[in-house]
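Residue-level listing of the chains:
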Amino acid sequence: MAEKWKQIKVSLENDDLEAYLRVPFMGEESTVKSTLSVDHARTALKAKGVVYGVSESELERIFRESLFDEDILVASGIPPKHGEDARIEFYFETERDFKPKEDENGRIDYHEVSVLVNINKGDQLCRRLPPTVGKPGKSVTDKEIPPMAGKDLVIPQGPNTELSPKDPDLLVASCDGCVSINSSKLVEIKPKLEIKGDVDYSTGNIKFVGSLAIAGDVKAGFKVNVTGDLQVDGVVEDAEIEVAGNALILSLIHI
């Protein structure tokens, strides 16, 4: 039979990253010998354009072990390495828990459960790590397979923050205050803070770089330290108060 290699089926799969060979049994009845050879297989692959990643050992094994009438993987390309998405690296705790602090002796101070994160002007807040482009792959037909580039994102710049003049991917604080992720998923600095209830076990001791307004009381045993002004609408019990600015206590102070 002329051009016997045409009886061999070559299949490209997985975006041309894999080539499979199916050699039909063409021997006489009750025999296992094929009239096709490894050379026929090579010719069939080249005719299909398969020139990269061909496993000669697999080609030889097909005929050595009489692996006829089944699809055998005989060539493999290099898959592309897709790019990584951009991400934000934060330099402050974006989530704070309410676990009280434990000292070196194992004693727990239930006053130290504050969830405030103080920031000074110029402090680094977060950095945008740009996406990568990835690395191309190669098909069994020796064609370049382009990678998918990573998805980009915008640095979450919120109120009282600014991009560093030396690094547009670096977000810094433009004032002193308390840093947090606001409801719009942006990094925000609050130079003035309001506590709508009491300073107690639900808030812990308060140490704030800025001005503070407390709608309730400062309960006994707690500490409030602010670098700006302080206003307390309720009473200050047997508590420790330190204020760098002006202090306004609207109710009677209990000692």
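As a starting point, this report considers the structure included with it.

Below, the discussion takes up the pairing of strand S13 (residues 177-181). Note that strand S7 (residues 118-119) and S13 share two bridges and pair antiparallel. Looking at S13, one finds that Ile 119 is bridged to Gly 177. Of the pairings in the sheet, the one linking S13 to strand S14 (residues 187-190) comprises four bridges and is antiparallel in character. If you follow Ile 181 over to S14, its bridge partner there is Val 187. Here S13 folds back onto S14, and the loop between the two strands holds five residues, one of which, Lys 185, carries a positive phi near 65°.

All right, on to the nonpolar core then. Soluble, globular proteins show a tendency: their nonpolar side chains are buried together. Of all hydrophobic cores here, the largest spans 20 residues; its most connected members are Leu 21, Val 23, Ile 62 and Phe 63. For this core, the secondary structure elements donating two or more residues are strand S2 (18-22), helix H1 (38-47), helix H2 (56-64) and strand S3 (72-76). It is H1 that provides the largest number of residues to this core, a total of four residues. Contact partners of Leu 21, with chain neighbours within four places excluded, come to Ile 8, Lys 9, Val 10, Ala 41, Leu 45, Leu 59, Ile 62, Glu 70, Asp 71, Ile 72 and Val 74.

Now for the environment of Glu 240. Along the chain, Glu 240 turns up in strand S20 (residues 240-243). For Glu 240, a relative accessible area of 39% translates into the label partly exposed. Distance from Glu 240 to Lys 219, taken between C-alpha atoms, is 9.7 Å for residues 21 residues apart in sequence. Beyond its immediate stretch of four places on either side in the chain, Glu 240 contacts Phe 222, Lys 223 and Val 224.

Time to look at the sheet that holds strand S17 (residues 211-214). Spatial ordering of the open sheet is given by S15-S17-S19-S21, a layout of four strands whose pairing is parallel. Edge positions in the sheet fall to strand S15 (192-195) and strand S21 (247-249), since each of these pairs with one other strand and no more. With direction set aside, neighbouring strand axes in the sheet form an average angle of 5°. Direction of pairing for S17 relative to strand S19 (residues 230-232): parallel, over a ladder of three bridges. Within S19, the residue paired with Leu 212 across the bridge is Leu 230.

Parameters at a glance
Residues numbered from 1 in each chain as written. Predicted model: local features only at pLDDT ≥ 70, side-chain atom pairs only at ≥ 80, totals over all residues. Heavy atoms only, no water. Pairing = 2+ DSSP bridges. Helix = DSSP H or I, 4+ residues; strand = E, 2+ residues; numbered from the N terminus. Core = buried A, V, L, I, M, F, W, Y, C linked by side-chain atoms within 4.5 Å. Buried < 20%, exposed > 50% of the residue type's maximum accessible area, 1.4 Å probe, protein only. Contact = heavy atoms within 4.5 Å. Axes fitted to C-alpha atoms, helices over the stretch in contact; angles between N-to-C directions.

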